[in-house]
Amino acid sequence: MKISKFFTAITLIGAALAATSCSNKKFHIEGNIANAKDSTLYLENISLNGPIKIDSVKLDKEGAFDFTENAADSVCPNFYRLRIAGQSVNLSIDSTETVTVNAKWPQMSTQYTVRGSEDCSRIKELSLMQMQLQSRVNAIAQNPSFGMDSSEVAIGNIIEAYKNKVKVNYIFKEPMKASSYYALFQTIQLGGQNTLIFNPQASKADVQVFAAVATSWDTFYPGSQRGKNLHQIALQGMKNIRIVAAQRAQRLASSQVSNTGIIDLQLTDNKNQVQALSSLKGKVVMLDFHLFASDQSMQRIMWLRSLYNKYHKEGFEIYQVSVDPDESFWKQQTASLPWICVRDQGGVQGQSLQEYNVQNIPTYFLIDRNNVLQKRDVQIKNIDKEIQALLQK
C-alpha cells in the first residue's frame, strides 16, 4: 500500500503521544557513536504525528552521549530514534529503562549494538531483515533476465515469505510487544514508491495482523492512543475489503440467487466433510455465524440447542459457520453438537461473512424450505413464531 493521504489521515487519528511527562520517572539512552566527531546526534520521539525532537548533542571525538528524559505517564511503550543526518537507530522505551547503544558512523543504521532492552534488540533484528529484503527486491528489479511479469511474481513471493516469517516469529508470538507494533509499519521501496509491507487497505490477511495487535494492545495497554489508532486502521481496512468483496459478490450472486434463492456456501465441517448450504433444501435452516472463543458462546449454544430440540423433528436445521482462528479448539467445542458445524478459515474476514454482509458476530439468518433467504436476526422479534411459520409452509 502506498503511503498516501488516505493512510496518513488514518494514522493521525488521536493525539500524539507526549514526548515528556510531568512524572518524576526517568529513562536513559546512553552510548557511543564512533567516527562521528562534530556531528549532531538527535533524540526524537516517534509520535503518531511524526518525529518530535526532544534533545540533541554535538559529539566530540569520543562520540559519547547520555540522554536522560522524563518517562511518559502511559504504560504503553513509546518509540524513539537516535539520528545523525539520514542515519538512525530505532528504539522503544518502556517506563524507566536504561538502553545502551554503540554504533559506528556512517553505517550507524546497520552497525550498532543495543543493550538493556529485549524489545530494542528485536527491533534491530526487524530493521536488518527489512534492509535485507530491500536488497533482494532491488536485485530482482534490476536483473535484466527477469521480465516485468516474472519480476513482480518473484518480488511478491519474497515479500510474502518475509511477512510470514515476521508474523510467526514476532507478531503472533508476542503481539503485545513494541517490536510487533513496529513490524506493522515497516516499509519497502517498490517502483520508486514507499510502500507498507503489511497492507491493511487491500489485504484481508494483513488486516487480521493489524487486528491481532490491536486486540492485544487493548488488553495490555487499555485506552492507549496507539491501540486506538490500530483499531481505526483495521476497521478502515475491513470496510475497504468488504466494499470490494461486496461488489464482487454482487456480480456473482445474481446467478446463484436465481438458481437457489441463497448465496451458496460450501465449507468443511468438523468431521472433514464438505457441507453445502444449498443441500438443505426442503428444511427450514438457521444460518448462524458464531465465535466459540467469545465470552457469550456457551449461553448462545444452549439457546440454539433449545431451538434445535424443539423443531428439528419438524424439519428445522442449523448450519453454523464458525469464525474461530484455532481449528483444534473449534473441533473440541463442536464435537457433541448435533447440527451442521462448519468453519470459515478466513475468520472474521472470511468470504462467507463478506457474501452475507455480516457486520457483527454472532449473527443469524432464516432460510425457508425452498432455499430462499427470508430474514436476518435484526428483523426478527420472536424467533419461535418465525420458525413455526416457515415450518408450516
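Predicted model only: the values in this text are computed from it and were never measured.

Q: For this particular structure, what's the right way to read the packing of aromatic side chains?
A: Describing an aromatic ring pair means giving the distance of the ring centres and the angle of the ring planes. Under the counting rule described, the total for this entry stands at 14 aromatic pairs. Relative to phenylalanine 185, the ring of tyrosine 181 has its centre 5.1 Å away and its plane inclined at 45°; by these criteria the two rings are tilted. Taking the relative accessible area as the measure of exposure, phenylalanine 185 reaches 22% and is therefore partly exposed. An aromatic cluster is present here, built from Phe79, Tyr181, Phe185, Phe210, Trp217, Phe220 and Tyr221 joined pairwise through their rings. Positioned above the aromatic ring of tyrosine 112 is the side chain of lysine 124, whose terminal nitrogen or guanidinium carbon lies 5.1 Å from the ring centre.

Q: Looking at this model, I keep getting lost on the sheet that holds strand S16 (residues 363-367). Mind explaining?
A: Think of a sheet as strands paired side by side through backbone hydrogen bonds, with each pair either parallel or antiparallel. On the basis of which strands lie adjacent, the open sheet formed by 5 strands has the order S15-S14-S13-S16-S17 and mixed pairing. Both outer strands of the open sheet, strand S15 (340-343) and strand S17 (373-376), are each paired with one neighbouring strand and no more. Each neighbouring strand pair of the sheet contributes to a mean axis angle of 20°, computed without reference to strand direction. Pairing of strand S13 (residues 284-290) with strand S14 (residues 316-322) involves 7 bridges; the strand directions are parallel. Each bridged residue has a counterpart across the sheet, and for valine 284 the counterpart in S14 is phenylalanine 316. Those strands touched by helix H10 (residues 383-392) are S13, S14, S16 and S17, and its axis lies near 25° from that of S16.

Q: Can you help me understand the environment of glycine 347 in this one?
A: Here glycine 347 lies in the loop between S15 and helix H9 (351-355). The exposure class of glycine 347 is buried, given its relative accessible area of 9%. In contact with glycine 347, other than residues within four places in its own chain, are Gln208, Val323 and Leu353.

Q: Would you mind showing me how to read the nonpolar core here?
A: Considering soluble globular proteins, one finds that nonpolar side chains tend to be buried as a cluster. Leu133, Val166 and Ile171 are the most contacted members of the largest nonpolar core, which has 34 residues in total. Secondary-structure elements contributing two or more residues to this core are helix H2 (118-141), helix H3 (148-171), helix H4 (178-184), helix H5 (204-220) and helix H6 (225-260). Counting residues per element, this core draws most heavily on H3, at 8 residues. If you look at the next biggest cluster of nonpolar residues, it comprises 24 residues, including Ala36, Leu41, Ile93 and Val99.

Q: When you look at the sheet that holds strand S7 (residues 98-104) in this model, what are you seeing that I'm missing?
A: The mixed open sheet is built from 4 strands, whose spatial order is S4-S1-S7-S8. Taken across any chain shown, the strands that pair with only one partner, and hence form the sheet edges, are strand S4 (64-70) and strand S8 (112-115). Going from strand to strand, the sheet's axes swing by 15° on average, the running direction of each strand aside.

Q: What is the right way to read the pattern of salt bridges from this model?
A: Any two side chains of opposite charge can pair, given that their charged atoms come close. The full count for this structure, using the stated rule, is 11 salt bridges. With its nearest N and O atoms 3.9 Å apart, the salt bridge here joins arginine 122 to glutamate 118. Taken together, the residues arginine 122 and glutamate 118, both in helix H2 and 4 residues apart, mark about one turn of the helix. A relative accessible area of 14% places arginine 122 in the buried class.

Q: What exactly am I supposed to notice about the pairing of S17 here?
A: Remark: a regular strand shows side chains that alternate across the two faces of the sheet. As defined by bridge partners, S16 adjoins S17 across 3 bridges and the pair is classed as antiparallel. Bridge pairing in S17 places leucine 366 opposite lysine 375.

Q: I keep staring at the confidence of the model for the protein chain and nothing clicks. Help me out?
A: Detailed reading of the predicted model is not advised wherever pLDDT is low. For the protein chain, the average pLDDT comes to 85, and 87% of its residues sit at 70 or higher. Here residues 251-260 scores under 50 on pLDDT; set against residues more than four positions off or in separate chains, the count is 11 contacts.

Q: Help me understand unusual backbone geometry, please; the structure alone is not making it clear to me.
A: Most peptide bonds adopt trans geometry, and most residues besides glycine take a negative phi value. Residues tryptophan 105 and proline 106 are joined by a peptide bond in cis, for which omega reads 10°. In this structure, proline 106 sits in the loop between S7 and S8. Across the junction of isoleucine 361 and proline 362, the peptide omega takes the value 5°, indicating a cis bond. Within the secondary structure, proline 362 sits in the loop between H9 and S16. Here asparagine 272, not a glycine, exhibits a phi torsion of approximately 65°, which is positive. With respect to the helices and strands, asparagine 272 occurs in the loop between strand S11 (266-268) and strand S12 (274-276). Here asparagine 357, not a glycine, exhibits a phi torsion of approximately 50°, which is positive. Mapped onto the secondary structure, asparagine 357 falls in the loop between H9 and S16. The exposure class of asparagine 357 is partly exposed, given its relative accessible area of 43%.

Conventions adopted
Residues numbered from 1 in each chain as written. Predicted model: local features only at pLDDT ≥ 70, side-chain atom pairs only at ≥ 80, totals over all residues. Heavy atoms only, no water. Phe/Tyr/Trp six-rings, centres within 6.5 Å; stacked < 30°, edge-to-face > 60°. Buried < 20%, exposed > 50% of the residue type's maximum accessible area, 1.4 Å probe, protein only. Lys NZ or Arg CZ within 6 Å of the ring centre and 35° of its normal. Pairing = 2+ DSSP bridges. Helix = DSSP H or I, 4+ residues; strand = E, 2+ residues; numbered from the N terminus. Axes fitted to C-alpha atoms, helices over the stretch in contact; angles between N-to-C directions. Contact = heavy atoms within 4.5 Å. Core = buried A, V, L, I, M, F, W, Y, C linked by side-chain atoms within 4.5 Å. Salt bridge = Lys/Arg side-chain N within 4 Å of Asp/Glu carboxyl O. pLDDT = per-residue confidence, 0-100.

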